[in-house]
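Close look at the chain arrangement
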Amino acid sequence: AKKLIVLATVLIVVNSAMNLGSAYAVRSIIQQGRSAEELRNRNKSLTTDQESDLNQYREWRQLMRPTPGELQKDADQWRGSPWEVIKRRGEIVYKYSHNVAYYSEPSFDVWCMIFLGMGLFKARVLTGERDNRFYRKLLIAAYGIGIPLNCLTAWLMLRSHFDPVTWLFANSISDSGRVLVALGHMSAVLLVLKRGWLKPLMQALAAVGRTALSNYILQSVIAAFLFTGYGFRLYDRLQRYQLYLVV
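What you are looking at is a predicted structure, and each value in this text was computed from that prediction instead of being measured.

Each value, and the rule that gives it
- Residues numbered from 1 in each chain as written.
- Predicted model: local features only at pLDDT ≥ 70, side-chain atom pairs only at ≥ 80, totals over all residues.
- Heavy atoms only, no water.
- Helix = DSSP H or I, 4+ residues; strand = E, 2+ residues; numbered from the N terminus.
- Rg over C-alpha atoms; globule rule 2.2 N^0.38 Å.
- Buried < 20%, exposed > 50% of the residue type's maximum accessible area, 1.4 Å probe, protein only.
- Contact = heavy atoms within 4.5 Å.
- Areas by Shrake-Rupley, 256 points an atom, 1.4 Å probe, with all protein chains shown as cover.
- Lys, Arg positive; Asp, Glu negative; His and termini not counted.
- Charge placed at Lys NZ, Arg CZ, Asp CG, Glu CD.
- Core = buried A, V, L, I, M, F, W, Y, C linked by side-chain atoms within 4.5 Å.
- Patch = residues over 30% accessible without salt bridge, like charges linked within 9 Å, V, L, I, M, F, W, Y side chains within 5 Å.
- Salt bridge = Lys/Arg side-chain N within 4 Å of Asp/Glu carboxyl O.

**A word on the overall build of the protein chain**
Helix and strand counts for the protein chain come out as 10 helices and 0 strands. Taken from the N to the C terminus, the helices and strands of the protein chain come in the order α-α-α-α-α-α-α-α-α-α. The C-alpha radius of gyration computed for the protein chain amounts to 22 Å, which surpasses the reference 18 Å derived for 247 residues by more than 25%, pointing to a less compact arrangement than a globule. Considering only C-alpha atoms, the protein chain reaches an extent of 70 × 40 × 35 Å along its principal axes. Every one of the 247 residues in the protein chain was classed for burial, and the buried ones make up 26%. For the protein chain, contacts bridging at least 24 residues in sequence account for 64% of all contacts bridging at least 6. Of the accessible surface of the protein chain, which amounts to about 16800 Å², a share of 63% is contributed by carbon and sulfur atoms. Side chains of the protein chain give 31 positive and 18 negative charges; the mean places of these two sets differ by 12 Å.

Following this line, the structure appears as C-alpha cells:
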C-alpha cells in the first residue's frame, strides 16, 4: 500500500512538472507564432521555422481562441443530425483519446488517481476500517491545504481572464489541491457513515455506488439528449451558472 501511495505522489509531482513545461511551451508558441503572423501580414517571406511556428500557433488558436464563426460551426455540428454528432464525437475521441499515448500528460493524471485509490484501499482507508481520529486528522489536513490551493488557482485564472498560459501554470498547483480536497470529501463521507448519520442519504449513495457503470452510461445518455442534435440541442446555449442546474 505504501509503495502505491508513494508512486501516486511521484506521478502527481511529475504531472505538475509537465504542466509547467506545457505552459512554457505554449507561451513560446504564442510569442513566436504571433511574430510570424505579423511578418506574414506585412507580406514578408517566412523561413521554414517561422512557417512551422505560424502553423503551430494557428492550430493552438483554433483550439483555445476560436473565432465567432468557428464557434458557430462547432455548435452547428453538435446541434445537427445524429450522424453529424457522431462524426464530431469521433473526431474528438480520435484526436484527444484514441491517439494519445499512455505516457502523455493527461494519462499521468489518470494513473496517479488509479494508484492512489489502490494504495488507499490496501491501506484500509477507503474501506472505513481506520478509527475516527485518523479520518478527522486527514479531513483537517486535506481541506486545510487543498482548499487554499484551489482558491489560489481560481484567483490566478480569474485575474488573468482565463489566460491559457496562466491556466497551465495554475494547473501545476491545482493537481495537488484537487487530490487533497477529494481526500477531504472522502474523509467527511466516511466519518458520517461510521457515526451512523444521514442513513437514508448514505443508503442512496451506496445504491448509486453499486450501479456505477449504469449511472455513468445514463449520465452520458442524458447529457447527449439535452445538449446535442439527439434531443433539445442546448449545446452552447446555457451560461455557466445555468449548467449547475443541469449538474
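**Brief notes about the nonpolar core**
Among the nonpolar cores identified, the biggest contains 18 residues, and L116, L120, V125, Y135, V179, L183 and M186 are the most heavily contacted of them. Counting residues per element, the ones that place at least two in this core are helix 1 (2-41), helix 5 (105-122), helix 6 (132-159) and helix 7 (164-195). Examining the composition of this core, we find that 5 residues originate from one element, helix 7, more than from any other. The next biggest cluster of nonpolar side chains, apart from the first, holds 7 residues, and it includes V26, I30, Y57 and W60.

**Side note on a nonpolar patch on the surface**
Taken together, the side chains of L213, Y216, I217, L218, V221 and I222 present a nonpolar region at the surface, about 630 Å² in accessible area. Relative to the helices and strands, Y216 is located in helix 9 (residues 212-227).

**Topic: the side chain of D74**
In this fold, D74 is placed in helix 3 (residues 68-78). With relative accessibility at 16%, the residue D74 sits in the buried group. Leave out the neighbours within four places in its chain, and D74 touches R88 and Y235.

**Let's talk about the side chain of S172**
For S172, the position within the fold is in helix 7. Apart from residues no more than four positions distant in its own chain, S172 is found in contact with S16, N19 and L20.

**Description of the pattern of salt bridges**
Summed over all chains, the structure comprises 7 salt bridges. One salt bridge connects R42 with E38, and the closest N-O pair in it is separated by 3.3 Å. Judged by its relative accessible area of 48%, R42 is partly exposed. Accessibility expressed as a relative area gives 45% for E38, which makes it partly exposed. Residue R61 pairs with E70 through a salt bridge whose shortest N-O separation is 2.7 Å. Members of the salt-bridge network, linked through shared partners, are D74, R88 and E91.

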